[in-house]
Protein chains: 4
Amino acid sequence: MLKVGIIGATGYAGEELIKILLGHPRVTISYLAAEIEKPQPINRIFGHLSGRMEVVCKPLDIAEAKAKAEFFFLALPHRVSLEVAPQLLQDDMPVVDLSADYRFKDRGVYEEWYGVTHTDPGNLQKAVYGLPEWYRSRIRKSKFVANPGCYPTACLLGLLPLVKKGLIKPDSVIIDAKSGLTGAGRKASVDFFFSEINENAKAYKVDCHQHAPEIDQILSYIGKTSYQVVFVPHLLPLNRGILVTMYVQLKKASSIDVLYKLYRDSYCWEPFLRVFKDHAPQLKDVVGTNFCDIGVVKSKKHGLFILVAAIDNLIKGASGQAVQNMNIMCGFKESEGLL
Amino acid sequence: MLKVGIIGATGYAGEELIKILLGHPRVTISYLAAEIEKPQPINRIFGHLSGRMEVVCKPLDIAEAKAKAEFFFLALPHRVSLEVAPQLLQDDMPVVDLSADYRFKDRGVYEEWYGVTHTDPGNLQKAVYGLPEWYRSRIRKSKFVANPGCYPTACLLGLLPLVKKGLIKPDSVIIDAKSGLTGAGRKASVDFFFSEINENAKAYKVDCHQHAPEIDQILSYIGKTSYQVVFVPHLLPLNRGILVTMYVQLKKASSIDVLYKLYRDSYCWEPFLRVFKDHAPQLKDVVGTNFCDIGVVKSKKHGLFILVAAIDNLIKGASGQAVQNMNIMCGFKESEGLL
Amino acid sequence: MLKVGIIGATGYAGEELIKILLGHPRVTISYLAAEIEKPQPINRIFGHLSGRMEVVCKPLDIAEAKAKAEFFFLALPHRVSLEVAPQLLQDDMPVVDLSADYRFKDRGVYEEWYGVTHTDPGNLQKAVYGLPEWYRSRIRKSKFVANPGCYPTACLLGLLPLVKKGLIKPDSVIIDAKSGLTGAGRKASVDFFFSEINENAKAYKVDCHQHAPEIDQILSYIGKTSYQVVFVPHLLPLNRGILVTMYVQLKKASSIDVLYKLYRDSYCWEPFLRVFKDHAPQLKDVVGTNFCDIGVVKSKKHGLFILVAAIDNLIKGASGQAVQNMNIMCGFKESEGLL
Amino acid sequence: MLKVGIIGATGYAGEELIKILLGHPRVTISYLAAEIEKPQPINRIFGHLSGRMEVVCKPLDIAEAKAKAEFFFLALPHRVSLEVAPQLLQDDMPVVDLSADYRFKDRGVYEEWYGVTHTDPGNLQKAVYGLPEWYRSRIRKSKFVANPGCYPTACLLGLLPLVKKGLIKPDSVIIDAKSGLTGAGRKASVDFFFSEINENAKAYKVDCHQHAPEIDQILSYIGKTSYQVVFVPHLLPLNRGILVTMYVQLKKASSIDVLYKLYRDSYCWEPFLRVFKDHAPQLKDVVGTNFCDIGVVKSKKHGLFILVAAIDNLIKGASGQAVQNMNIMCGFKESEGLL
């Protein structure tokens, strides 16, 4: 059994990691840390773990962490991973980092969007972007994976088959994204008070969300040309799920059959991708799973194609994908503990 | 006091008409009809009316209707208004029809999208499209108003200032629309069972919703050129509200200040329109009101502008707008009973 | 027009007062205060007021308050009213206080449950408990009304007809209460984060909620014997509404007809009470209104009667009732602005 | 691998059985039947099964069922099991029936509450009530288990430790129950339309729900005296979960410590029961699990104890418990596939 540590165990991503790893036949959770005042059994913090696990969650102590676990998930706020990751990596500990700190090859982009100086450029260059469907062989050889953002996961899985083939006009991509509340993290803010969100919906960070440059980076890298997507996220009154509706123009006219075949061919061996022709997926078919469902629809107008992708933001959009990455890094079956 | 009849009183739009008209100082509800088996006090059907009104709701009897009321709202399913409206109009009764039956000047478009032959072309030509902000003077002189659809109301109010001035590329309009459930009507369908909708979200009728040609018709008429919008509606787990996020390209580059001024100038005298610069409206500020809130945002990319409009689908998107039309037709203050 | 001031304008009760008073034909809102850093137009704080009112909300200045308004609502947190009310009352300003600070005739009970010393015992004795259906004549003569708590309003209206007649066994009252989230106030707490409440339900403060002694006080006063109710509140994932299910044993066997008649007789002239026989009310019939719906049901077992009462916690349970009290104090029609 | 058939695969309980059994290491789903017009792959009916299982769901054919599977779950509407179960039992097929048809030893009670004649009294006497915590040894030896109702599961697990010891006054039990919507089944009714339930809550079948006699039967059997509980169910706007708040009077005064010890002793070896002292459980800690959480609280008043129990109605209240029963019947580890 692989001994696993979770640093940042009390946020939504940390909680979901615990849930998933409890059912994983190849690992045991041996270390939990979080920013808390004093050590506390994790089942006191999360009542649903009562009677299921006894591990005590403590303030982070790197030496103890290294002594107790041999594989680490960092489910920390952005900026905090920058301090923790190097201390684990210097001892060659394998790490999946769920923050944005190591996702950008161009540290300037990171620094501009996250408002902080990147203090660990060495490891930044080593980090592999943890989108298994497109970076699997590199993940397999890596000891340090930067887990993608929740919106980028859905958007990239939906766009990359077209982008890889160079079929899209690079300046035509419009993404209208919708997310449930756990995507915002577990925050004590009046803005996220139940009654402010329930029976409400709104756009936020219109065309200025930090996930847009993350999407641009990967599209541009895989597509070998510069992409700048228009990205408008919306907040929906539900707990889990991301639904992205993407509008793209092709360079040359094509048919739905040709495009659908491209998606099927791209993803037919993938354990967690499902593709639908002329049919938009719905959140409830992916919530609670590590699946990404993608619908491909041809508009009757203006040569436009519409791609709709749906994921559970906490699973495929965060902790499930992190475990998928661990499975690949450790040579386990990729879907182990995730189906 | 104007004696008002509501035909189709037991759907969501009929119920909302009753609520609004109960608080209207110039009218009294004197006749209620619906497709029910036998007459029943309306306060038995809607418990919230208990102790508030005594009118009995009956199966429709046109002669009785004409005897009891002098102004009519038809809150009927599409196709049914075609049978009822002519019988009222032949006696010169003023009518606001909330169905789609009289919204299309080109009956062929109606017949294609609603799958039915239009049997009343004469009145179709007389009907005025009931969007007060753009058809006020005609509504004032009319006895027959076709109340706009819920999505078209939000979309048209958001797009028409630009379209009127001919500033938009006609083939660039992409509308990503989101609606709560009352927009679907009160239906006994497993698809709308609470647990199928709650914690779910999905796109539906992707690029093939019957409100798209209604939007196209009005944009093309006011814009004096052919528009074909891409329209993708989504269902959200909430009771009321429509939020539309619209992506448009201008023919010539412009600034946010110029565009915002255009919107302010277009709507500054309107009692129910509110315009915001670089700020997207949220549903909860319009739900329960007859307001339409519009946010104008300039994208940093590709010369795109983003317009976000929010309404309460049952009020500004249906019954509130119908009362606003009645106020105009009857020479009442336009906001009477609506503020 | 009566010039009205609201002190504590930015909480849920303050917001609801503004909404109600905006539609009230006899008053104008002339002063708004709240604990904010600097003066701000109220329509910036509440977007739904945009274009509807221009009053600036300021940090409280008692002299300015007295100069600008002639009637006051205090929608303040408990304990804060103790500081503000005396300053208004010393100048004979009429005040409706929505906090708990002046609800308890026995200051010891208040001090025990709210953990604070009562510093204004003089005004405490003058305050009239603002439950119009049972204290109307005293409210009419009063200048200082302590508005009841939300749970007590629903429970007392449901129990008092029986208690007044001395029909209940005093130690038999069990109240299982359910409330939406606005009842908790607008709080920045992780406990009230959307995703912690949505798809959840729980009992809280089991048999130790501060509204129990408030209910006991009034039952004991009107019933002329000591009552101690068992009170278990629950939190439901919805915005508005209180539903209380109350189980009581009668001293002597009775029939549903006799009991229903008692309730009808007690409340037949009341503008905001509706009574149902053998039928439990539902929240959606009262939400958005000042009504209290009460269902009277006879259990087939153990001589038990079941009373179910439903209110909108922000209207009949707070701001609507406060305006009802103002109407009585000022000699307006009692339902003015509330129907 | 045990070959399992599910008859009634398209309701909520059938869907949940499929989800659970897909993750069960000892079984394979080999037969699916439902009332559908023509055979259809189950992954077309439930999109979330797409890519996960290929079994075709068909109209029931008993011969085919027996040929394809060796263990059966009946997730059928009440009354329908009466026709199906005997045909499987006559060939000694092991069956867990999730309907109410075989739960009542006294067929007269069944016939009164379900309005139907019991046509299979022979098997009725053989059926074992499938509440593992109290009927485990009999379930182990049985080939036919009647799975308990959702409300009875929560209520009985909460009450039986006290009832077994004869500590409760039999006429003192009041149960205030709350359930999410999946408890109502997947129904095409306007009453369960999303907008009728969302932002609403209500009591229904007040003191006349068919689960009350089921609770009475088991309490009376285990308690060896006649119990008649007062049972008032409520509908809450959420998908899953049952929360029951139960008020009981003891024959003799006792302390919270003594009672809590009784519960701990009763359940300490149970894999799915968790007991809390002076603390009420919440739905979100049990939703998605087979756990039943029970809180024991002593009221300060009238010698009352308050028991709060929480389950997921589709798991511990239906399909999870059914699988737990299968595990016991087949000699598998009791928690196999359920943790």
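Described in the following lines is the structure provided in the data block.

A word on the relation of the copies chain A and chain B
- Note on the copies: chain A fits chain B at an RMSD of 0.0 Å, the axial shift is 0.0 Å, and the rotation between them is 180°. The superposition of one copy onto the other is thereby described by a two-fold rotation axis.
- A shared binding surface is used by both copies, with 100% of the interface residues of chain A retained as interface residues in chain B.

Section: the relation of the copies chain D and chain C
- Least-squares fitting of chain D to chain C yields an RMSD of 0.0 Å, with the superposition described by an axial translation of 0.0 Å and a rotation of 180°.
- The fraction of interface residues of chain D whose copies in chain C are also interface residues reaches 100%, indicating that both copies meet through the same surface.

Digging into the interface of chain D and chain C
- Taken together, the contact between chain D and chain C spans 40 residues of the former and 40 residues of the latter.
- Note on chain D versus chain C: buried area summed over both sides is about 3600 Å², and carbon and sulfur give 59% of it.
- Summed over the three residues of chain D that lose the most area to chain C, namely Glu-199, Lys-301 and His-302 of chain D, the buried surface amounts to 16% of that side.
- In this assembly, chain D and chain C are joined by 6 salt bridges.
- Here Asp-176 of chain C makes a salt bridge to Lys-178 of chain D, at a shortest N to O gap of 2.9 Å.
- In this structure, the connection of chain D to chain C is made through 29 residue pairs in polar contact (both at pLDDT 80 or more).
- Going through the elements one at a time, strand E9 (174-179), strand E10 (202-203), strand E11 (230-235), strand E12 (242-249) and strand E15 (304-311) of chain D are the ones with two or more residues in the side of chain D that touches chain C.
- Looking at the side of chain D that touches chain C, the element that brings in the most residues is E9 of chain D, giving 4 residues.

Thoughts on the packing of helix H7 (residues 132-141) of chain A against helix H10 (residues 211-223) of chain A
All names here are of chain A.
- Packing of H7 against H10 leaves a shortest axis separation of 13 Å and a crossing angle of 80°. Here H10 runs roughly perpendicular to H7, going by the angle between their axes. Only Ile-218, Tyr-221 and Ile-222 of H10 make contact with H7, whose side of the interface consists of Trp-134, Tyr-135 and Arg-138.

A word on the packing of aromatic side chains
- Using the criterion set out here, one finds 50 aromatic pairs over all chains in the structure.
- With centroids separated by 4.8 Å and ring planes inclined at 75°, the aromatic side chains of Tyr-102 of chain C and Phe-144 of chain C adopt a geometry described as edge-to-face. Of this pair, Tyr-102 of chain C sits in the loop between strand E6 (95-97) and helix H5 (107-114) while Phe-144 of chain C is found in strand E8 (residues 144-146), placing the two residues 42 residues apart along the sequence. Of the two residues, Tyr-102 of chain C and Phe-144 of chain C, both sit in the buried class.
- Between Tyr-110 of chain D and Tyr-114 of chain D, the ring centres sit 5.1 Å apart and the planes meet at 20°, which makes this aromatic pair stacked. Within this pair, Tyr-110 of chain D and its partner Tyr-114 of chain D are both found in helix H5 (residues 107-114), separated by 4 residues, close to a single helical turn. Each member of the pair, Tyr-110 of chain D as well as Tyr-114 of chain D, is classed as buried.
- Aromatic rings pair up to connect Tyr-12 and Phe-192 of chain A together with Phe-193 of chain C into one cluster.
- Between the NZ or CZ atom of Arg-274 of chain C and the centre of the ring of Phe-291 of chain C, over which it lies, the distance is 3.9 Å.
- The residue whose ring lies beneath Arg-186 of chain D is Tyr-12 of chain D, and the NZ or CZ to ring-centre distance is 4.0 Å.

Quick notes on the rules
Residues numbered from 1 in each chain as written. Chains lettered and ligands numbered in written order. Predicted model: local features only at pLDDT ≥ 70, side-chain atom pairs only at ≥ 80, totals over all residues. Heavy atoms only, no water. Least-squares fit on C-alpha atoms with pLDDT ≥ 70 in both. Contact = heavy atoms within 4.5 Å. Buried area = accessible area lost by both parts, 1.4 Å probe. Salt bridge = Lys/Arg side-chain N within 4 Å of Asp/Glu carboxyl O. Polar contact = N/O pair within 3.5 Å; in protein donor to acceptor, adjacent residues only side chain to side chain. Helix = DSSP H or I, 4+ residues; strand = E, 2+ residues; numbered from the N terminus. Axes fitted to C-alpha atoms, helices over the stretch in contact; angles between N-to-C directions. Parallel < 35°, antiparallel > 145°, perpendicular 65-115°, else oblique. Phe/Tyr/Trp six-rings, centres within 6.5 Å; stacked < 30°, edge-to-face > 60°. Buried < 20%, exposed > 50% of the residue type's maximum accessible area, 1.4 Å probe, protein only. Lys NZ or Arg CZ within 6 Å of the ring centre and 35° of its normal.

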